[in-house]
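# Summary of structural features
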Amino acid sequence: MSDVTLRDSKSLSPADAEKDVTVQGWVQDVRNLGGISFLVLRDRFGTVQITAPKKKIAPEVMGVLTSVSRESVVKIKGAAKAAPQAKGGVEVIPSSIEVLSPAATPLPMGVIDKVNVEADTRFDHRFMDLRKPENRAVFEIKSITLNLIDQFLVSEGFTEVFTPKIVASGAEGGATLFKLGYFGQEAYLAQSPQLYKQMLMSTGLDRVFEIGPAFRAEPSDTVRHVSEFISFDGEMAFIDSMKDVLDLIERCTQYVIGGVADRAKPQLELLGKEVAVPGAPYPIIEYKDAVEMVAGEGMHIKLGDDLGTEGEKLLGDIMKAKGNEMYWIVEYPEEAKPFYIMEKDGTPYSYSFDLDYKGQEISSGGQREHRYDRLVARMHKKGLNPEAFKFYLDAFEYGMPPHGGWGIGVERLVQKMLDLPNIRETILFPRDRVRLVP
Ligand code: AMO
């Protein structure tokens, strides 16, 4: 055969008519209608119709084509033909079919069947679930999101760093630490890069970011908690106040969400979603006012309490009614915040913030306590032993600039951007209390 051109479903077009082409992918469906058979071949980009009129096709090719099982991987050679009725305006009349990998039957779950499949079945057979283009689209969007984050921070003079994920002490409270054995010592999986990104502020790197896994032994079974997620962390030195951090994140999220709306059009179309860039500047709500706002809506809450999922949702509704999808909640009680957050002297509050998106926290951060003595005092106050954090405290003893930073849960950002009901939709192989495989 001369001039056989490899084509995928995206590039195959009526301009290929009369050319010999090769296409490969998964057998999505075969329909045998008396004198003619149709095979729908699916690849990464879409589908191609393979049309086999019995009279024109060699019997051995016809035999394979009509009996191959759904989801088998095949390579088909044939002649492209203009076909206005076919998707893409072109079909392929096969001259050969090679089964590269037959699919066993029955399938663990369908790919094109419209029946609702239980979430557990989907995640048990995630490789098959991801053959659905709309499920894969989420990961293409996640990849675009990460790429945009990278671009933005590099353009702002940030250096990308990687800090250890096997650590000797936790920064985010003992309750969610995963313990592991480490050559006879006790170690943990990192809950966040908190201690390390702060230590880097004493080095002159000044502005760092990290996108990497974070681990939390989350006991709660919710649609927004998993035990392994991707944390997008940043830390900035020589800030004048927490406001410098808010400004940076706000510009970043605007850039990222705008970029997704722009670059991910085909994926968004597959999902039937539109992404709207939130109104900016994001309103800044003090914690104490947030409590008042949700209490005004009937929630039982008093100053000092955590807003919790209910409070966050309620505040989300209040803000939505005002036309705001993204907003800050700032100055939480210092008691509720980790040791590394700076207290607001003379008040029970702290220089801390959360960023909420459509009624869900996607980020938290703040200005850090960079003064050694105050930091040690805060550790004592929280019942922590400074000895266990010596490696971290050392960096504060020999010249540490004022600094602040944030952690954004990448999956929570993607979840909210796409209005997905469960964070697990944005994780290829989610990890939670009950799921360790696949
Ligand atoms: P925090 O613990 O609030 O702060 O986490 C930061 C962000 O990470 C995401 N996140 C999670 N996502 C999915 N599953 C989880 N179990 C989970 N836990 C947290 C959320 C959250 O807003 N060191 C600080 C950040 C800082 O101050 O720089 C920290 O980790 O989106």
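The present account deals with the structure reproduced in this document. The numbers attached to residues start from 1 for each chain and follow its sequence in the written order. Totals for whole chains, interfaces and linings use every residue, but because this is a predicted model, local features are given only for residues with pLDDT of at least 70 and side-chain atom pairs only at 80 or more, for both listing and counting. Note that water and hydrogens are dropped before the side-chain values are worked out from all heavy atoms of the structure.

We call a residue near a molecule or strand when any one of its heavy atoms sits within 4 Å of it. Glu172, Gln194, Glu361, Ser364 and Arg368 are the nearest of the 23 residues found near the ligand. For the purposes of these results, a polar contact is taken to be a pair of N or O atoms within 3.5 Å, where, inside protein, one atom must be able to donate a hydrogen and its partner to accept one; residues adjacent in sequence count only when each atom of the pair is a side-chain atom. Between the ligand and the protein, one listed contact pairs a nitrogen atom with a side-chain N or O atom of Glu172 at 2.7 Å. Within the backbone of Ser363, a nitrogen or oxygen atom sits 3.3 Å from an oxygen atom of the ligand. Protein chains shield 93% of the accessible area of the ligand, which is 620 Å² for the free molecule. Of all the elements in the fold, those that place two or more residues in the shell around the ligand are helix H5 (194–200), strand E16 (360–367) and strand E17 (403–409). Residue type decides the class: Asp, Glu, Lys and Arg count as charged, Ala, Val, Leu, Ile, Met, Phe, Trp, Tyr, Cys and Pro as nonpolar, and the leftover types, Gly among them, as polar. Classifying every residue of the shell around the ligand gives six nonpolar, nine polar and eight charged. All accessibility values rest on the Shrake-Rupley procedure with a 1.4 Å probe; residue burial counts only the protein chains present in the view. Secondary structure elements are defined from DSSP: runs of H or I of at least 4 residues count as helices, runs of E of at least 2 residues count as strands, and each element is numbered from the N terminus.

A separate point is the packing of helix H8 (residues 287–296) against helix H9 (residues 308–321). Here, axes are lines fitted to C-alpha atoms. For helices the fit covers the stretch in contact, and angles between N-to-C directions go from 0 to 180 degrees. Contact geometry for H8 and H9: axes closest at 9 Å, N-to-C directions at 85°. Viewed along their axes, H8 and H9 adopt a mutual orientation that is roughly perpendicular. Residues Ala290, Met293 and Val294 of H8 pack against Gly311, Leu314, Leu315, Ile318 and Met319 of H9. Taken together, the residues of the contact of H8 with H9 break down into seven nonpolar, one polar and no charged. Oblique is the label for any angle not covered by the other classes, which are roughly parallel (under 35 degrees), roughly antiparallel (over 145) and roughly perpendicular (65 to 115). We call two residues in contact whenever any of their non-hydrogen atoms come within 4.5 Å of each other.

Glancing now at the packing of aromatic side chains. The criterion for an aromatic pair is that two Phe, Tyr or Trp rings (for Trp, the six-membered ring) have centres within 6.5 Å, with stacked assigned to planes under 30 degrees apart, edge-to-face to planes over 60 apart and tilted to the rest. Under the counting rule described, the total for this entry stands at 13 aromatic pairs. On the basis of an interplanar angle of 45° and a centroid distance of 6.0 Å, the ring pair of Tyr282 and Trp328 is categorised as tilted. Of this pair, Tyr282 sits in the loop between helix H7 (265–271) and strand E13 (284–286) while Trp328 is found in strand E14 (residues 326–330), placing the two residues 46 residues apart along the sequence. A single burial state applies to Tyr282 and to Trp328, both of which are buried. Through a chain of ring-to-ring contacts, three or more aromatic side chains come together here, namely Phe339, Tyr340, Phe389, Tyr392 and Phe396. Throughout this description, the term charge over a ring refers to an Arg CZ or Lys NZ atom that lies within 6 Å of the ring centre and within 35 degrees of the ring normal. Sitting over the face of the ring of Phe123, Arg122 holds its NZ or CZ atom 5.5 Å from the ring centroid. The lysine or arginine in question, Lys337, covers the ring of Tyr332, its NZ or CZ lying 4.5 Å from the ring centre. Remark: exposure states derive from per-residue accessible area (1.4 Å probe, protein chains only) relative to the maximum for the residue type, with buried under 20%, exposed over 50%, and partly exposed in between.

Before going further, it helps to examine unusual backbone geometry. Working note: non-glycine residues mostly have negative phi, and peptide bonds are mostly trans. Backbone torsion omega between Thr105 and Pro106 reads -5°, so that peptide bond is classified as cis. Tracing the sequence through the fold places Pro106 in the loop between strand E6 (90–101) and helix H2 (119–124). Following Val437, the chain continues to Pro438 via a peptide bond in cis, the omega torsion being -5°. You can see Pro438 is positioned in the segment after helix H12 (410–417). In this model, Phe183 sits at a positive phi of 45°, which is unusual for a non-glycine residue. When you line up the elements, Phe183 lands in the loop between strand E9 (179–182) and strand E10 (185–189). Not every positive phi belongs to a glycine, and Asp206 is a case in point at roughly 60°. Assignment of secondary structure puts Asp206 in the loop between H5 and strand E11 (207–215). Take Asp206: its relative accessible area is 28%, and that puts it in the partly exposed class.

Take a nonpolar patch on the surface next. Like-charged residues within 9 Å of one another, or nonpolar side chains (Val, Leu, Ile, Met, Phe, Trp, Tyr) within 5 Å, are grouped into patches, provided each residue has over 30% relative accessible area and no salt bridge. Whenever a carboxyl oxygen of Asp or Glu lies within 4 Å of a side-chain nitrogen of Lys or Arg, that contact is scored as a salt bridge. On the surface, a cluster of nonpolar side chains totalling about 370 Å² of accessible area is made up of Ile166, Tyr182 and Phe183. Tracing the sequence through the fold places Ile166 in strand E8 (residues 166–167). Classification of Ile166 by relative accessible area gives partly exposed; the value is 45%.

Moving on, we come to the pattern of salt bridges. Evaluated as defined, the whole model comprises 39 salt bridges. The partner of Lys142 in a salt bridge is Glu411, with the nearest N and O atoms 3.0 Å apart. Of this pair, Lys142 sits in helix H4 (residues 133–155) while Glu411 sits in helix H12, placing them 269 residues apart in sequence. A salt bridge links Arg251 to Glu156, with the nearest nitrogen and oxygen atoms 2.6 Å apart. Note that Arg251 is positioned in helix H6 (residues 242–263) and Glu156 in the loop between H4 and strand E7 (159–160), a separation of 95 residues in sequence. Each of Glu334, Glu343, Asp345, Arg374, Arg378 and Lys381 takes part in salt bridges that share partners, so that together they form one network.

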